[in-house]
Amino acid sequence: MVSSRPEPPERQARERTFTVRTVEVNALSAQPNLTYFGEIVAAGSLDVRAQVVGEIVDIHPNVAAGNSISQGELIARIDDFAYRGALTEAKTSLAEAQLGATEARERLQLEEANLDFAREQLELSKRDLERAQTLLQSGALTQKNVDDRELLVSQREQALKQRQANIAIQQAQLDRQLASMERFEWQVERAERDLENTEIYAPFDAVINSEAIALGKIVNANEALVSLYRQDQLDVRFTMSDRQYGQIFADGLIDRPVEVVWEVEPENLTANGHITRAGAEIDAAKGGVQVYARLEDAQATTFRPGTFVKIFVPGREYENVIRLPETAIYDNRLIYTIEEGRMVSHDAEIVARDGAQLLVRADIKDGAEVITTRLAQAGDGLAVTVEGEAPPIPARGEGRRGDGERPAQGEQQPQSDDNATEGEE
(Lines give C-alpha, C1' and ligand atoms only; values in the text may rest on other atoms or scores of the structure.)
Protein backbone atom coordinates (compact mmCIF):
# COMPACT_ATOMS: atom_id res chain seq x y z
CA MET A 1 0.00 0.00 0.00
CA VAL A 2 2.86 2.33 0.78
CA SER A 3 4.65 1.58 -2.45
CA SER A 4 1.50 1.82 -4.54
CA ARG A 5 0.14 5.05 -3.05
CA PRO A 6 -0.23 7.95 -5.52
CA GLU A 7 2.35 10.72 -5.52
CA PRO A 8 1.03 13.96 -3.99
CA PRO A 9 0.86 16.89 -6.37
CA GLU A 10 3.87 19.22 -6.15
CA ARG A 11 3.02 22.51 -4.42
CA GLN A 12 4.75 25.55 -5.77
CA ALA A 13 6.49 27.95 -3.33
CA ARG A 14 4.55 31.08 -2.61
CA GLU A 15 6.19 34.45 -1.76
CA ARG A 16 5.00 36.04 1.45
CA THR A 17 3.62 39.61 1.32
CA PHE A 18 3.45 41.96 4.34
CA THR A 19 0.86 44.64 4.90
CA VAL A 20 2.31 47.95 6.05
CA ARG A 21 1.31 51.50 6.75
CA THR A 22 2.99 54.45 5.07
CA VAL A 23 3.14 58.20 5.35
CA GLU A 24 3.68 60.70 2.57
CA VAL A 25 6.61 63.01 3.32
CA ASN A 26 7.76 66.36 1.99
CA ALA A 27 10.88 68.33 2.83
CA LEU A 28 10.14 71.30 5.07
CA SER A 29 11.63 73.75 7.56
CA ALA A 30 10.92 72.80 11.16
CA GLN A 31 11.68 74.28 14.56
CA PRO A 32 11.06 71.58 17.14
CA ASN A 33 10.10 72.39 20.71
CA LEU A 34 12.45 71.34 23.49
CA THR A 35 10.60 70.04 26.53
CA TYR A 36 11.76 70.72 30.08
CA PHE A 37 10.38 70.43 33.57
CA GLY A 38 10.89 73.22 36.04
CA GLU A 39 9.57 75.18 38.99
CA ILE A 40 7.79 78.51 39.38
CA VAL A 41 9.79 80.91 41.57
CA ALA A 42 9.08 84.42 42.80
CA ALA A 43 11.20 86.99 40.96
CA GLY A 44 10.53 89.78 43.46
CA SER A 45 10.09 88.81 47.11
CA LEU A 46 10.40 90.91 50.26
CA ASP A 47 10.28 90.45 54.01
CA VAL A 48 8.47 93.48 55.44
CA ARG A 49 10.10 94.31 58.79
CA ALA A 50 9.25 96.68 61.61
CA GLN A 51 11.48 99.75 61.70
CA VAL A 52 10.45 100.79 65.23
CA VAL A 53 9.60 99.10 68.51
CA GLY A 54 6.04 99.06 69.76
CA GLU A 55 2.66 97.40 70.08
CA ILE A 56 0.61 96.40 67.04
CA VAL A 57 -2.68 98.32 67.31
CA ASP A 58 -4.14 97.80 63.81
CA ILE A 59 -3.85 95.12 61.07
CA HIS A 60 -5.26 94.95 57.55
CA PRO A 61 -8.11 92.39 57.44
CA ASN A 62 -6.55 90.59 54.43
CA VAL A 63 -3.22 89.93 56.12
CA ALA A 64 -3.13 86.13 55.83
CA ALA A 65 -1.01 83.73 53.82
CA GLY A 66 -2.27 83.45 50.24
CA ASN A 67 -4.25 86.69 50.17
CA SER A 68 -3.44 89.55 47.83
CA ILE A 69 -2.73 93.09 48.90
CA SER A 70 -2.46 96.20 46.74
CA GLN A 71 0.34 98.72 46.66
CA GLY A 72 -0.11 101.46 49.27
CA GLU A 73 -2.54 99.54 51.48
CA LEU A 74 -1.89 99.65 55.22
CA ILE A 75 -0.51 96.32 56.46
CA ALA A 76 -0.20 97.18 60.16
CA ARG A 77 0.05 100.15 62.55
CA ILE A 78 2.27 100.41 65.64
CA ASP A 79 1.31 102.53 68.66
CA ASP A 80 2.76 106.00 67.93
CA PHE A 81 2.34 107.71 71.34
CA ALA A 82 6.03 107.68 72.26
CA TYR A 83 7.08 108.73 68.77
CA ARG A 84 4.74 111.72 68.70
CA GLY A 85 6.24 112.82 72.05
CA ALA A 86 9.78 112.39 70.69
CA LEU A 87 8.90 114.53 67.70
CA THR A 88 7.52 117.29 69.94
CA GLU A 89 10.68 117.31 72.06
CA ALA A 90 12.90 117.43 68.99
CA LYS A 91 10.95 120.35 67.54
CA THR A 92 11.21 122.22 70.87
CA SER A 93 14.96 121.70 71.04
CA LEU A 94 15.28 122.88 67.46
CA ALA A 95 13.31 126.05 68.22
CA GLU A 96 15.56 126.81 71.21
CA ALA A 97 18.65 126.27 69.09
CA GLN A 98 17.25 128.58 66.42
CA LEU A 99 16.61 131.27 69.07
CA GLY A 100 20.15 130.92 70.43
CA ALA A 101 21.54 131.22 66.92
CA THR A 102 19.53 134.38 66.35
CA GLU A 103 20.86 135.93 69.58
CA ALA A 104 24.44 134.97 68.71
CA ARG A 105 24.04 136.45 65.25
CA GLU A 106 22.77 139.77 66.72
CA ARG A 107 25.66 139.94 69.17
CA LEU A 108 28.08 139.28 66.35
CA GLN A 109 26.58 142.08 64.29
CA LEU A 110 26.86 144.44 67.29
CA GLU A 111 30.52 143.56 67.78
CA GLU A 112 31.20 144.11 64.10
CA ALA A 113 29.68 147.59 64.39
CA ASN A 114 31.78 148.31 67.48
CA LEU A 115 34.85 147.15 65.60
CA ASP A 116 34.19 149.62 62.80
CA PHE A 117 33.74 152.41 65.39
CA ALA A 118 37.01 151.44 67.07
CA ARG A 119 38.85 151.60 63.76
CA GLU A 120 37.47 155.08 63.12
CA GLN A 121 38.52 156.28 66.60
CA LEU A 122 42.01 154.87 66.10
CA GLU A 123 42.40 156.66 62.78
CA LEU A 124 41.30 159.97 64.35
CA SER A 125 43.75 159.62 67.23
CA LYS A 126 46.61 158.80 64.85
CA ARG A 127 45.92 161.92 62.77
CA ASP A 128 45.73 164.01 65.96
CA LEU A 129 49.09 162.60 67.04
CA GLU A 130 50.66 163.56 63.73
CA ARG A 131 49.40 167.17 64.08
CA ALA A 132 50.69 167.36 67.65
CA GLN A 133 54.16 166.22 66.58
CA THR A 134 54.19 168.94 63.89
CA LEU A 135 53.13 171.60 66.39
CA LEU A 136 55.78 170.34 68.84
CA GLN A 137 58.50 171.13 66.33
CA SER A 138 57.10 174.69 65.89
CA GLY A 139 56.92 175.19 69.65
CA ALA A 140 53.10 175.50 69.77
CA LEU A 141 52.67 172.33 71.94
CA THR A 142 54.71 170.80 74.71
CA GLN A 143 56.11 167.27 74.85
CA LYS A 144 53.47 166.36 77.42
CA ASN A 145 50.71 167.14 74.95
CA VAL A 146 52.35 164.83 72.43
CA ASP A 147 52.78 162.06 75.02
CA ASP A 148 49.10 162.31 75.95
CA ARG A 149 48.11 161.81 72.32
CA GLU A 150 50.48 158.84 71.93
CA LEU A 151 48.87 157.25 75.02
CA LEU A 152 45.42 157.77 73.49
CA VAL A 153 46.53 156.07 70.27
CA SER A 154 47.86 153.12 72.26
CA GLN A 155 44.60 152.81 74.20
CA ARG A 156 42.50 152.83 71.06
CA GLU A 157 44.71 150.21 69.41
CA GLN A 158 44.12 148.01 72.46
CA ALA A 159 40.36 148.64 72.23
CA LEU A 160 40.45 147.63 68.54
CA LYS A 161 42.17 144.35 69.34
CA GLN A 162 39.60 143.66 72.04
CA ARG A 163 36.78 144.22 69.57
CA GLN A 164 38.42 141.83 67.12
CA ALA A 165 38.73 139.19 69.86
CA ASN A 166 35.07 139.70 70.76
CA ILE A 167 34.07 139.13 67.16
CA ALA A 168 35.98 135.84 67.08
CA ILE A 169 34.25 134.73 70.29
CA GLN A 170 30.81 135.71 68.98
CA GLN A 171 31.47 133.92 65.67
CA ALA A 172 32.39 130.74 67.57
CA GLN A 173 29.21 131.00 69.63
CA LEU A 174 27.17 131.44 66.47
CA ASP A 175 28.86 128.42 64.84
CA ARG A 176 28.11 126.40 67.96
CA GLN A 177 24.45 127.35 67.80
CA LEU A 178 24.28 126.52 64.09
CA ALA A 179 25.80 123.10 64.77
CA SER A 180 23.21 122.55 67.47
CA MET A 181 20.51 123.52 64.98
CA GLU A 182 21.76 120.90 62.50
CA ARG A 183 21.75 118.25 65.24
CA PHE A 184 18.23 119.13 66.32
CA GLU A 185 17.04 119.28 62.71
CA TRP A 186 18.33 115.73 62.27
CA GLN A 187 16.57 114.70 65.47
CA VAL A 188 13.34 116.18 64.15
CA GLU A 189 13.80 114.34 60.86
CA ARG A 190 14.50 111.07 62.66
CA ALA A 191 11.48 111.55 64.94
CA GLU A 192 9.29 112.25 61.90
CA ARG A 193 10.61 109.14 60.15
CA ASP A 194 10.05 107.00 63.25
CA LEU A 195 6.52 108.34 63.43
CA GLU A 196 5.96 107.51 59.75
CA ASN A 197 7.40 104.03 60.28
CA THR A 198 4.67 103.24 62.79
CA GLU A 199 2.44 102.76 59.74
CA ILE A 200 3.57 99.92 57.46
CA TYR A 201 2.28 99.92 53.86
CA ALA A 202 2.52 97.40 51.01
CA PRO A 203 5.36 98.50 48.69
CA PHE A 204 3.82 96.85 45.60
CA ASP A 205 0.93 94.66 44.46
CA ALA A 206 1.76 91.41 46.16
CA VAL A 207 0.65 88.05 47.49
CA ILE A 208 1.26 87.35 51.16
CA ASN A 209 3.54 84.36 51.51
CA SER A 210 3.59 84.25 55.32
CA GLU A 211 2.69 86.49 58.27
CA ALA A 212 3.78 86.73 61.91
CA ILE A 213 1.77 89.58 63.44
CA ALA A 214 -1.22 89.87 65.73
CA LEU A 215 -3.05 92.63 67.55
CA GLY A 216 -1.34 93.52 70.82
CA LYS A 217 1.97 91.91 69.87
CA ILE A 218 5.08 93.87 70.86
CA VAL A 219 7.46 93.92 67.92
CA ASN A 220 11.14 94.81 67.87
CA ALA A 221 13.02 96.80 65.30
CA ASN A 222 13.95 94.71 62.23
CA GLU A 223 11.48 91.97 63.17
CA ALA A 224 9.83 90.32 60.13
CA LEU A 225 6.09 90.94 60.03
CA VAL A 226 4.98 89.58 56.64
CA SER A 227 6.67 88.00 53.63
CA LEU A 228 5.46 89.18 50.21
CA TYR A 229 6.16 88.37 46.59
CA ARG A 230 5.17 90.31 43.49
CA GLN A 231 2.21 88.62 41.86
CA ASP A 232 3.11 90.15 38.49
CA GLN A 233 6.75 88.97 38.56
CA LEU A 234 7.00 85.20 38.52
CA ASP A 235 9.82 83.26 36.88
CA VAL A 236 10.03 79.67 35.76
CA ARG A 237 13.37 78.01 36.48
CA PHE A 238 14.58 74.94 34.59
CA THR A 239 17.85 73.23 33.71
CA MET A 240 19.15 73.09 30.14
CA SER A 241 21.86 70.63 29.17
CA ASP A 242 25.28 71.89 28.07
CA ARG A 243 24.69 70.79 24.50
CA GLN A 244 21.23 72.36 24.22
CA TYR A 245 22.44 75.53 25.92
CA GLY A 246 25.27 75.86 23.41
CA GLN A 247 22.95 75.33 20.42
CA ILE A 248 20.28 77.77 21.59
CA PHE A 249 22.80 80.35 22.83
CA ALA A 250 24.32 80.53 19.35
CA ASP A 251 20.81 81.00 17.92
CA GLY A 252 19.78 83.60 20.53
CA LEU A 253 18.84 82.62 24.07
CA ILE A 254 17.67 85.87 25.71
CA ASP A 255 14.06 86.89 24.85
CA ARG A 256 13.34 83.46 23.34
CA PRO A 257 9.62 82.73 23.90
CA VAL A 258 8.53 79.86 26.13
CA GLU A 259 5.24 78.18 26.90
CA VAL A 260 4.55 77.00 30.45
CA VAL A 261 1.95 74.30 31.19
CA TRP A 262 0.62 73.46 34.63
CA GLU A 263 -1.01 70.05 34.28
CA VAL A 264 -4.14 70.22 36.42
CA GLU A 265 -7.65 68.85 36.13
CA PRO A 266 -9.95 69.30 34.33
CA GLU A 267 -7.97 71.59 32.04
CA ASN A 268 -4.31 72.52 31.97
CA LEU A 269 -3.30 76.08 32.85
CA THR A 270 -0.90 77.70 30.43
CA ALA A 271 1.15 80.88 30.33
CA ASN A 272 3.62 82.46 27.98
CA GLY A 273 6.89 84.15 28.76
CA HIS A 274 10.40 85.00 27.59
CA ILE A 275 13.82 83.84 28.74
CA THR A 276 15.46 86.66 30.68
CA ARG A 277 18.70 85.21 32.01
CA ALA A 278 20.83 82.14 32.57
CA GLY A 279 22.60 80.93 35.68
CA ALA A 280 26.01 82.30 36.59
CA GLU A 281 27.63 78.86 36.68
CA ILE A 282 27.15 75.25 35.63
CA ASP A 283 25.15 73.17 38.08
CA ALA A 284 27.36 70.13 38.53
CA ALA A 285 24.63 68.18 40.34
CA LYS A 286 22.16 68.58 37.47
CA GLY A 287 24.67 68.63 34.66
CA GLY A 288 23.52 71.79 32.95
CA VAL A 289 22.74 75.48 33.16
CA GLN A 290 19.80 76.92 35.07
CA VAL A 291 17.69 79.18 32.86
CA TYR A 292 15.05 81.68 34.01
CA ALA A 293 12.04 82.87 32.01
CA ARG A 294 9.69 85.66 33.12
CA LEU A 295 5.97 84.92 32.81
CA GLU A 296 3.70 87.54 31.30
CA ASP A 297 1.98 89.77 33.85
CA ALA A 298 -1.59 88.93 32.91
CA GLN A 299 -1.03 85.18 33.22
CA ALA A 300 1.35 85.03 36.18
CA THR A 301 -1.47 85.45 38.71
CA THR A 302 -2.78 81.93 38.01
CA PHE A 303 0.46 80.32 39.19
CA ARG A 304 2.06 80.04 42.61
CA PRO A 305 5.74 79.70 43.54
CA GLY A 306 6.80 76.09 43.91
CA THR A 307 4.50 74.83 41.15
CA PHE A 308 6.02 71.99 39.09
CA VAL A 309 5.40 72.79 35.41
CA LYS A 310 6.29 71.67 31.91
CA ILE A 311 8.14 74.14 29.68
CA PHE A 312 8.28 74.19 25.89
CA VAL A 313 11.14 76.14 24.32
CA PRO A 314 11.52 76.54 20.53
CA GLY A 315 14.80 74.96 19.49
CA ARG A 316 16.96 75.49 16.43
CA GLU A 317 15.35 75.78 13.03
CA TYR A 318 16.25 72.97 10.61
CA GLU A 319 16.00 73.25 6.83
CA ASN A 320 15.15 70.50 4.33
CA VAL A 321 14.02 67.84 6.81
CA ILE A 322 11.15 65.38 6.92
CA ARG A 323 9.02 64.51 9.93
CA LEU A 324 8.63 60.80 10.73
CA PRO A 325 7.48 58.64 13.64
CA GLU A 326 10.11 56.63 15.46
CA THR A 327 8.81 53.37 13.97
CA ALA A 328 9.94 54.50 10.51
CA ILE A 329 13.62 54.55 11.50
CA TYR A 330 15.66 51.34 11.41
CA ASP A 331 18.99 51.14 13.24
CA ASN A 332 18.89 54.95 13.62
CA ARG A 333 20.13 55.26 10.02
CA LEU A 334 17.67 53.72 7.51
CA ILE A 335 14.17 54.36 6.20
CA TYR A 336 12.22 52.35 3.62
CA THR A 337 9.99 53.39 0.73
CA ILE A 338 7.90 51.22 -1.61
CA GLU A 339 8.83 50.86 -5.23
CA GLU A 340 6.84 48.42 -7.40
CA GLY A 341 5.52 46.63 -4.33
CA ARG A 342 8.89 46.10 -2.67
CA MET A 343 10.88 47.78 0.11
CA VAL A 344 13.76 50.06 -0.87
CA SER A 345 16.17 51.38 1.78
CA HIS A 346 17.53 54.93 2.04
CA ASP A 347 20.20 56.37 4.31
CA ALA A 348 18.74 58.75 6.89
CA GLU A 349 20.19 61.12 9.48
CA ILE A 350 18.26 61.97 12.63
CA VAL A 351 18.84 65.68 13.34
CA ALA A 352 16.36 66.37 16.13
CA ARG A 353 13.38 65.08 18.06
CA ASP A 354 10.07 66.94 18.06
CA GLY A 355 7.84 65.38 20.69
CA ALA A 356 6.97 61.84 19.61
CA GLN A 357 8.35 62.39 16.09
CA LEU A 358 11.81 62.70 14.60
CA LEU A 359 13.22 65.22 12.14
CA VAL A 360 15.23 63.34 9.53
CA ARG A 361 17.35 64.21 6.51
CA ALA A 362 17.22 61.68 3.67
CA ASP A 363 17.76 61.71 -0.09
CA ILE A 364 14.20 60.98 -1.18
CA LYS A 365 11.76 62.87 -3.39
CA ASP A 366 8.85 64.92 -2.10
CA GLY A 367 5.66 62.88 -2.00
CA ALA A 368 7.46 59.61 -1.34
CA GLU A 369 5.66 57.04 0.79
CA VAL A 370 7.78 56.03 3.76
CA ILE A 371 6.95 52.81 5.59
CA THR A 372 6.05 53.44 9.25
CA THR A 373 5.23 49.84 10.22
CA ARG A 374 7.98 48.06 12.14
CA LEU A 375 8.87 44.74 10.42
CA ALA A 376 11.32 42.24 11.84
CA GLN A 377 12.08 40.97 8.29
CA ALA A 378 12.61 44.47 6.83
CA GLY A 379 15.09 44.61 3.98
CA ASP A 380 15.52 45.56 0.36
CA GLY A 381 13.21 43.65 -1.97
CA LEU A 382 10.74 42.48 0.66
CA ALA A 383 7.24 42.28 -0.86
CA VAL A 384 4.80 44.60 0.85
CA THR A 385 1.37 46.04 0.28
CA VAL A 386 -0.10 49.21 1.73
CA GLU A 387 -2.87 48.72 4.26
CA GLY A 388 -6.25 49.33 2.63
CA GLU A 389 -4.99 48.71 -0.91
CA ALA A 390 -5.56 45.51 -2.93
CA PRO A 391 -2.50 43.22 -3.03
CA PRO A 392 -0.84 42.75 -6.43
CA ILE A 393 -2.11 39.75 -8.42
CA PRO A 394 0.75 37.37 -9.23
CA ALA A 395 1.11 36.04 -12.79
CA ARG A 396 -0.21 32.60 -13.69
CA GLY A 397 2.04 29.89 -12.31
CA GLU A 398 3.67 32.22 -9.78
CA GLY A 399 2.35 31.21 -6.42
CA ARG A 400 -1.13 30.54 -8.01
CA ARG A 401 -2.95 27.44 -9.18
CA GLY A 402 -4.40 27.02 -12.61
CA ASP A 403 -8.08 27.61 -13.32
CA GLY A 404 -10.23 24.91 -11.87
CA GLU A 405 -7.36 23.43 -9.89
CA ARG A 406 -8.31 22.33 -6.43
CA PRO A 407 -6.08 21.53 -3.50
CA ALA A 408 -5.18 17.91 -3.12
CA GLN A 409 -6.74 15.78 -0.45
CA GLY A 410 -5.31 16.65 2.93
CA GLU A 411 -3.93 19.98 1.71
CA GLN A 412 -5.19 23.17 3.41
CA GLN A 413 -6.47 26.12 1.47
CA PRO A 414 -3.80 28.97 1.63
CA GLN A 415 -4.80 32.02 3.58
CA SER A 416 -5.11 35.46 2.08
CA ASP A 417 -2.19 37.88 2.11
CA ASP A 418 -3.89 40.12 4.67
CA ASN A 419 -3.44 37.46 7.35
CA ALA A 420 0.32 37.26 6.73
CA THR A 421 1.09 40.59 8.34
CA GLU A 422 3.66 40.36 11.12
CA GLY A 423 5.29 42.85 13.41
CA GLU A 424 2.66 45.50 12.75
CA GLU A 425 2.46 48.13 15.50
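Quick summary incoming for the structure in this document.

Cut-offs used in this document
- Residues numbered from 1 in each chain as written.
- Predicted model: local features only at pLDDT ≥ 70, side-chain atom pairs only at ≥ 80, totals over all residues.
- Heavy atoms only, no water.
- Helix = DSSP H or I, 4+ residues; strand = E, 2+ residues; numbered from the N terminus.
- Buried < 20%, exposed > 50% of the residue type's maximum accessible area, 1.4 Å probe, protein only.
- Contact = heavy atoms within 4.5 Å.
- Areas by Shrake-Rupley, 256 points an atom, 1.4 Å probe, with all protein chains shown as cover.
- Core = buried A, V, L, I, M, F, W, Y, C linked by side-chain atoms within 4.5 Å.
- Pairing = 2+ DSSP bridges.
- 1 Å grid on protein atoms, 1.4 Å probe; cavity = no way out; pocket = protein on both sides within 12 Å on 5 of 7 lines; lining within 4 Å.
- Points joined across faces, edges and corners; volume = space filled by probe spheres on them.
- Nonpolar A, V, L, I, M, F, W, Y, C, P; charged D, E, K, R; others polar.
- Axes fitted to C-alpha atoms, helices over the stretch in contact; angles between N-to-C directions.
- Parallel < 35°, antiparallel > 145°, perpendicular 65-115°, else oblique.
- Left-handed = near helix turned anticlockwise from the far one by under 90°.

## A look at the overall build of the protein
- Along the protein, the regular secondary structure elements total four helices and 23 strands.
- Going through the 425 residues of the protein one by one, you find that 31% of them count as buried.
- A separation of at least 24 residues holds for 77% of the contacts in the protein among residues at least 6 apart in sequence.
- Total accessible area computed for the protein in this model is approximately 26,100 Å², and 46% of it derives from carbon and sulfur atoms.

## Here's the deal with the nonpolar core
- Counting residues in each nonpolar core, the largest one holds 22 residues, and the members touching the most others are Y36, I40, V236, V260, F303, I311 and V313.
- Sorting the residues of this core by element identifies β4 (33–42), β13 (234–241), β14 (257–262), β15 (269–283), β16 (288–295) and β17 (308–314) as the ones contributing at least two each.
- Sort the elements by how many residues they give to this core and β13 lands first, with four residues.
- Setting aside residues no more than four positions away along its own chain, V260 makes contact with I40, V236, L269, T270, A271, L295, F303, V309, K310 and I311.
- One finds L94, A132, V146 and F184 within the second-largest nonpolar core, a separate group that totals 21 residues.

## Points about the sheet that holds strand β6 (residues 54–59)
- Read from one edge to the other, the open sheet built from four strands follows the order β9-β8-β6-β11, with strand pairing classed as antiparallel. Two strands close off the open sheet at either side, each with one partner strand: β9 (199–201) and β11 (218–219).
- Looking at chain direction, β6 and β11 are connected through two bridges and run antiparallel. Each residue of the ladder has a partner; that of E55, found in β11, is I218.

## Points about the layout of surface pockets
- When its volume is computed, the second largest pocket comes out at roughly 270 Å³.
- Along the walls of the second largest pocket sit 15 residues, with N33, L34, Q244, A352 and R353 positioned nearest its centre.
- Sorting the residues of the lining of the second largest pocket by element identifies β4, α3 (242–251) and β20 (342–354) as the ones contributing at least two each.
- Here the element with the most residues in the lining of the second largest pocket is α3; it accounts for four residues.
- Counted by class, the lining of the second largest pocket contains six nonpolar, six polar and three charged residues.

## Looking at the packing of helix α1 (residues 81–138) against helix α2 (residues 143–196)
- Packing of α1 against α2 brings their axes to within 6 Å, and their N-to-C directions diverge by 165 degrees. Viewed along their axes, α1 and α2 adopt a mutual orientation that is roughly antiparallel. Considering the relative orientation of α1 and α2, their crossing is left-handed.
- Partitioned by chemical class, the residues of the contact of α1 with α2 number 28 nonpolar, 16 polar and 17 charged.

## As for the environment of A214
- Looking at where A214 falls in the secondary structure, it is placed in the loop between β10 (206–211) and β11.
- Considering only alpha carbons, one finds A214 and V63, 151 residues apart in sequence, at a separation of 9.8 Å.

## Regarding unusual backbone geometry
- Omega for the bond connecting E265 with P266 falls within 30 degrees of zero, at 0 degrees, which places this linkage in the cis form.
- Along the chain, P266 turns up in the loop between β14 and β15.
- Although it is not a glycine, D255 sits at a positive phi angle of roughly 75 degrees.
- Of note, the phi angle at E340 is positive, near 55 degrees, even though the residue is not glycine.
- Position of E340 relative to the elements: it lies in the loop between β19 (334–339) and β20.

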